[in-house]
Every structure is written in structure tokens, then in C-alpha cells.
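Structural features, examined
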Amino acid sequence: MEAVLFIGHGSRDFEGNEEVRQFVEKMRTLLPETLLVETSFLEFERPTIGDGIDTCIEKGAHHVILIPIMLLPAGHSKIHIPGAIDEAKEKYPNTKFTYGRPIGIHEETFEILNTRLEESGENLESPGEETAVILLGRGGSDADANSELYKITRLLWEKTNYKLVETSFMGVTDPLIEQGVERCIKLGAKKIVVLPYFLFTGILIKRLEKLVEGFKEKYPEVEFKLAQYFGLHPKLQTILKDRVEEALEGEVKMNCDTCLYRIEAMEHIDHHHHHDHDH
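Only a predicted model underlies this, so the values are computations on that prediction, with no experimental measurement involved. Here the residue numbers are simple positions, counted from 1 along each chain's written sequence. Since the coordinates come from a predicted model, pLDDT governs what is reported: local features require at least 70, and pairs of side-chain atoms require 80 or more to be given and counted, while whole-chain, interface and lining totals use all residues. Excluding hydrogens and water, the side-chain figures rest on all heavy atoms present in the structure.

Focus on the overall build of the chain
Within the chain, the secondary structure is distributed over nine helices and eight strands. The rule is simple: take the accessible area with a 1.4 Å probe, protein chains only, and divide by the maximum for that residue type; under 20% is buried, over 50% is exposed, in between is partly exposed. Across the 279 residues of the chain, 53% fall into the buried class. Taking the intrachain contacts of the chain between residues at least 6 apart in sequence as the baseline, contacts between residues at least 24 apart amount to 81%. Methods summary: accessible areas were calculated by the Shrake-Rupley approach with a probe of 1.4 Å, and residue burial reflects only the protein chains presented. Only carbon and sulfur atoms are counted for the fraction: they give 50% of the accessible area of the chain, which is about 13100 Å². Only DSSP runs of H or I reaching four residues or more are called helices, and only runs of E reaching two or more are called strands; each is numbered from the N terminus. Residue contacts follow a heavy-atom distance rule, with two residues in contact if any of their heavy atoms lie within 4.5 Å.

A few points about the sheet that holds strand 1 (residues 2–8)
A strand pair is defined by DSSP finding two or more bridges across the two strands. If you trace the four strands from one edge of the open sheet to the other, you get 2-1-3-4, paired in parallel fashion. The open sheet has two edge strands, strand 2 (36–41) and strand 4 (96–99), and neither has a second partner. Each adjacent strand pair in this sheet contributes to an overall mean axis angle of 25°, direction not counted. The pairing of strand 3 (residues 63–68) with strand 4 spans four bridges and is parallel. If you follow His 63 over to strand 4, its bridge partner there is Lys 96. Here an axis means a line fitted to C-alpha atoms, over the contact stretch when the element is a helix, while the angle between two N-to-C directions is reported on a 0 to 180 degree scale. Set on the sheet, helix 1 (residues 14–30) makes contact with strand 1 and strand 2; between it and strand 2 the angle comes to about 165°. Its contacts with the sheet put helix 8 (residues 234–248) on strand 1, strand 3 and strand 4, and the angle it makes with strand 3 is roughly 145°.

Some remarks on the pattern of salt bridges
We define a salt bridge as a contact between a side-chain nitrogen of Lys or Arg and a carboxyl oxygen of Asp or Glu at a distance within 4 Å. Per the stated rule, a full pass over the model turns up 19 salt bridges. Lys 163 is paired through a salt bridge with Glu 129; the nearest N and O atoms lie 2.8 Å apart. Here the residue Lys 163 occupies a position in the loop between helix 5 (143–159) and strand 6 (164–169), and Glu 129 occupies one in the loop between helix 4 (107–119) and strand 5 (131–137), the gap between them amounting to 34 residues. In this structure Lys 163 comes out as exposed when scored by relative accessible area, which is 59%. Across the salt bridge formed by Lys 216 and Glu 213, the nearest N and O atoms sit 3.3 Å from each other. On the criterion of helical spacing, the pair formed by Lys 216 and Glu 213 is a turn pair, its members being three residues apart in helix 7 (residues 203–218).

Quick word on the nonpolar core
Throughout, nonpolar core names a set of buried Ala, Val, Leu, Ile, Met, Phe, Trp, Tyr and Cys residues whose side chains join them through atoms within 4.5 Å. Ranked by internal contacts, the top residues of the largest apolar core, which has 42 residues, are Phe 6, Ile 69, Leu 113, Tyr 197 and Leu 240. Ranked by residues supplied to this core, first place goes to helix 8 with five residues. With sequence-adjacent residues up to four places away left out, Leu 240 is seen in contact with Phe 6, Phe 23, Met 27, Ile 67, Pro 68, Ile 69 and Ile 103. Of all hydrophobic cores here, the second largest spans 21 residues; its members include Ile 177, Ile 205, Val 212 and Phe 224.

As for the packing of aromatic side chains
What counts as a ring pair is set by centres within 6.5 Å for rings of Phe, Tyr and Trp (its six-membered ring), and what kind of pair is set by the plane angle: stacked under 30 degrees, edge-to-face over 60, tilted for all other angles. Taken as a whole, this structure holds five aromatic pairs when the rule is applied. Ring centres 6.2 Å apart and planes at 45° place the aromatic pair Tyr 150 and Phe 169 in the tilted group. Residue Tyr 150 is located in helix 5, and its partner Phe 169 is located in strand 6; the two are separated by 19 residues in the primary sequence. Assessed through its relative accessible area of 40%, Tyr 150 is described here as partly exposed. When the ring of Tyr 219 is compared with that of Phe 224, the centres are 6.3 Å apart and the planes differ by 40°; the resulting orientation is tilted. The exposure classification of Tyr 219 matches that of Phe 224, with both residues buried. Through a chain of ring-to-ring contacts, the aromatic side chains of Phe 215, Tyr 219 and Phe 224 assemble into a single cluster. Above the plane of the ring of Phe 110 lies Lys 159, whose end atom (NZ or CZ) is 5.1 Å from the centre. To sit over a ring, a charge needs its Lys NZ or Arg CZ within 6 Å of the ring centre and within 35 degrees of the ring normal.

Right under this line is the structure:
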């Protein structure tokens, strides 16, 4: 039997973890009935990846496909999940493990972003001359992931008619959202739409809602809108289904198992990490 183990980031926020579980329930209906489908979390929530693998094997799986429900390739997908897979390979030497890709840059993500802009009241065909969009990421210490968000921002600019589409982050790295807002205003924006590049709700989304209220008070001459995060958008299901099919067909275009950088990095990183950043 083949099993798909989805890996959510995990949050200190109950609601965010519930959204991951709801999402995986929806995914069950899109995947072949012969596949066993399980959920696990990287941190802050159980079952852990190791627990999830144990469950798959206890239920009879001989091949476990691990699919990260994560937007960008960063430390979690490059280091921590492969570390958990290494441990599982030692524990279950007769089981095949396949590691799928994170979401990354996928055509359907732009459909999701466009939907969220339209829902916030934007006219994508002819947006206001003085309207700016801030594509807002989590932010991290992985330069690769941070630069991917810039690439996505540029692609969004190419695919829409906005004059100004800026990148900002919620934490860890610059430009932070406050800097992004200041930049947009200096460039003449009279309306700013904050577009969160986040999968599910959580502590950061709730903090963001308060930040946007603060911006409205600080800059009363500027209109602010906060668009919805990805959530249970059907296109997100399409993307993850693609990632499962890639893994089932053995066509994963990223293979951390053979990455020399990871093997070297593992010597310096404890993958049993429990750090503080969160949704």
C-alpha cells in the first residue's frame, strides 16, 4: 500500500492547525481511494512527522510519500524534513520513502492571488493608478526562500496591471511590512492592498490584522485593504495534487537525499528543533 503523509508547518494557534487538517480532508477526496492519506506537523503540534510515518506503516504502507504543505523551499524543507526521513529509513529499512516538493513557484498560485485581490474589491483589469500591492511573506533566514518571494512578486507584477507590486516580510528579514508601507507611500500610493503569501491562519495573520488597523490610523490619507490568505482555495488543492502525482510517478524535480549541501549542513544543525517563529 502507498501512503501520502502531508506535513503542515504547525502553529501555536489552534485555528491554523485545524485549517491544515480540513485541507488534508479535502485532499482525500481528490486522491485515489487506494492511497492512505495522513496528516503530520513539523512543530508546535502533533502528530509529528515521525508519528505520521509510524501510523502509515502500522496501517500497512510499504511506500510513504511525504508532501510538505509549505510555500517556499527553506530550512524546513531542505534540512528538517529530510532529517526526519533519514531517521525513518534507519527505523524502517524495508520501506520506500519519497519526498515531494514544497509548493514553490506554481502557475496556480497566481490564480489564488488574483482571486484574493478580486475578493478584496480590486478590479484586476484596470486597477487604480495610485494603488499598490504588498505581497507579504513570513520572512526567514533562508536567502533562497526570501529571494523566491521577490521572484513571485515580479511575476505577479508581470501578470497584472498594477504599477506597483512590492515585497515585504512579517519578520526576521527586511523589508518588514512597515518599511514596505512607507516605500509605497513615498512612491505615491493612495491605496495599499496587503496580500498575504500565507497558507493558513495563525499568530502572524492575527498580528497582521492589528498592524493594518494601525496603518489606517497612522496614515489616514491612505486607504488600506487586507486580502485573505490562501486558505482552502481549490487551486491550492490542485497544486498539492500535482505534487503527489509527481512523487507517485517518481518525477520529483528536487532531491534532497543526494544533496551534498544537506549532508554537510546536518553536521551543524540539530533537526530536532523547536524554535519560536510561527504562523
